[in-house]
Amino acid sequence: MKTILIILAITCLAATANAQGKPQQIQLPQTLIMPDGSRVPSTSLDSIKKIFGGREPILSFLDDGVHVHPQKNKAEQQESDQNLGSHLNRAAPGFELKDMNGSPCSLADFKDKIVVLNFWFTQCGGCITEMPDLNALKKSYAGKDVVFLAITFNDDAKVKAFLATKQFDYTIIPNAAKLCKDYDINGYPTSMVIDKTGIVRFINGSIDEDIKEQLSKAIDTLL
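As the structure is a prediction and not an experimental result, all values here were calculated from the model.

A few words now on the state of the cysteines. Under the counting rule described, the total for this entry stands at one disulfide. One disulfide in the model links Cys124 with Cys127; its S-S distance is 2.3 Å. Linking Cys124 and Cys127, the disulfide has an S-S dihedral of approximately 80 degrees and is accordingly described as right-handed. Among the residues examined, Cys127 registers a relative accessible area of 2% and is labelled buried.

Read across the open sheet, the five strands follow the order 11-10-9-12-13; overall the sheet is mixed. If you trace the sheet from one side to the other, it starts and ends with strand 11 (171-173) and strand 13 (200-204), each paired once. Adjacent strand axes in the sheet meet at a mean angle of 20 degrees when their direction is disregarded. Contacts between helix 3 (residues 125-140) and the sheet are confined to strand 9 (114-119), strand 10 (146-151) and strand 12 (190-194), with strand 9 contributing the most and set at about 165 degrees to the helix.

Turning next to the environment of Pro174. Mapped onto the elements, Pro174 comes out in the loop between strand 11 and helix 5 (177-182). Pro174 sits 14 residues away from Lys160 along the chain, and the two C-alpha atoms are 9.9 Å apart. Apart from residues lying up to four places away in sequence, Pro174 is in contact with Lys98, Asp99, Met100, Thr152, Asn154, Asp155, Asp156 and Val159.

Working definition: an aromatic ring pair is given by the centre-to-centre distance plus the angle between the planes. Using the criterion set out here, one finds nine aromatic pairs in the structure. Consider the rings of Tyr141 and Phe148, whose centres lie 6.4 Å apart with planes at 45 degrees: the pair is tilted. Residue Tyr141 shares its accessibility class with Phe148, and that shared class is buried. Pairwise contacts between aromatic rings join Trp120, Tyr141, Phe148, Phe162, Phe168 and Tyr170 into one cluster.

With that out of the way, let us pick up the side chain of Asn118. Inspection of the secondary structure assignment puts Asn118 in strand 9. Judged by its relative accessible area of 1%, Asn118 falls in the buried class. At 3.2 Å, the side chain of Asn118 and the side chain of Ser191 are in polar contact. With near-sequence residues (within four places) excluded, Asn118 lies in contact with Glu130, Leu134, Leu149, Ala150, Ile151, Phe168, Tyr170, Pro189, Thr190 and Ser191.

Helix 6 (residues 211-220) packs onto helix 3 with a crossing angle of 30 degrees between their chain directions and a minimal axis gap of 9 Å. Between helix 3 and helix 6, the angle falls in the class roughly parallel. Crossing of helix 3 against helix 6: the hand is right-handed. Every residue of helix 6 that contacts helix 3 at Glu130, Asp133, Leu134, Ala136 and Leu137 is listed here: Ile211, Lys212, Leu215, Ser216 and Ile219. Looking at the contact of helix 3 with helix 6, its residues break down into six nonpolar, one polar and three charged.

With that out of the way, let us pick up unusual backbone geometry. Pro189 follows Tyr188 through a cis peptide bond whose omega is -5 degrees. Position of Pro189 among the secondary structure elements: in the loop between helix 5 and strand 12. We note that Asn89 has phi near 65 degrees; this positive angle belongs to a residue other than glycine. Structurally, Asn89 can be placed in the loop between helix 2 (74-85) and strand 7 (96-98). Of note, the phi angle at Asp112 is positive, near 70 degrees, even though the residue is not glycine.

As a further point, take helix 3. Taking 1.5 Å per residue, 16 residues should reach 22 Å; helix 3 reaches 24 Å between its end C-alpha atoms and fits that length. Of all bends in helix 3, the biggest is about 45 degrees, found at Met131, and the proline Pro132 comes one to four residues later. Those residues of helix 3 that fall on the buried side of the exposure criterion are Gly125, Gly126, Cys127, Ile128, Glu130, Met131, Leu134, Asn135 and Leu137.

How each quantity is defined
Residues numbered from 1 in each chain as written. Predicted model: local features only at pLDDT ≥ 70, side-chain atom pairs only at ≥ 80, totals over all residues. Heavy atoms only, no water. Disulfide = S-S within 2.5 Å. Buried < 20%, exposed > 50% of the residue type's maximum accessible area, 1.4 Å probe, protein only. Pairing = 2+ DSSP bridges. Helix = DSSP H or I, 4+ residues; strand = E, 2+ residues; numbered from the N terminus. Axes fitted to C-alpha atoms, helices over the stretch in contact; angles between N-to-C directions. Contact = heavy atoms within 4.5 Å. Phe/Tyr/Trp six-rings, centres within 6.5 Å; stacked < 30°, edge-to-face > 60°. Polar contact = N/O pair within 3.5 Å; in protein donor to acceptor, adjacent residues only side chain to side chain. Parallel < 35°, antiparallel > 145°, perpendicular 65-115°, else oblique. Left-handed = near helix turned anticlockwise from the far one by under 90°. Nonpolar A, V, L, I, M, F, W, Y, C, P; charged D, E, K, R; others polar. Expected span 1.5 Å × (residues − 1). Bend = angle between axes of the 7 residues up to and from the residue.

From the geometry alone we can't say anything about function, so treat these as descriptive.
What follows is the structure, encoded as structure tokens:
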């Protein structure tokens, strides 16, 4: 399974894309957060690479700042992919969270429904690029027993600011860092389809132009 790391750039400007897929730039903060919690200037990425033994610095945009950590080696990436893939054909981890409106949202609430999950975050270029397709996908299943949930570790305020300029029609579940960990998400975007009995039947941990078609096929086999 091809996985997209949480990496946007190793320069002071991080490239991403808007909802139409057009490139734009994100300004990094003045400091980055190292794995040990210390902060270093964002202009010192070359030095950080040396600290990481030559591994490329990976930038993760979290609510408390931009974290920097070394790119996984082949063995580590294979292990991460295996952990994600291990959820296929197994019971989906349950959750009890709240959506952007403050309404409770539990996996148990969707018994006898197909649940489509999208794991994303507000500064993920690949996530933003696929949103129009995901919106179209949701619209095509209106009135059917299919639920679309967007899971993010971002907090309510950050998601609200994001939605002021971009459209994402899934039911958005913020503050879900633990849930991302429970599902062993190691890259964004990641999509999953859970059947009516709560079993994960489809996982896509890559950026694909045909994500809408892939998800439609997975959903249709379960309806």
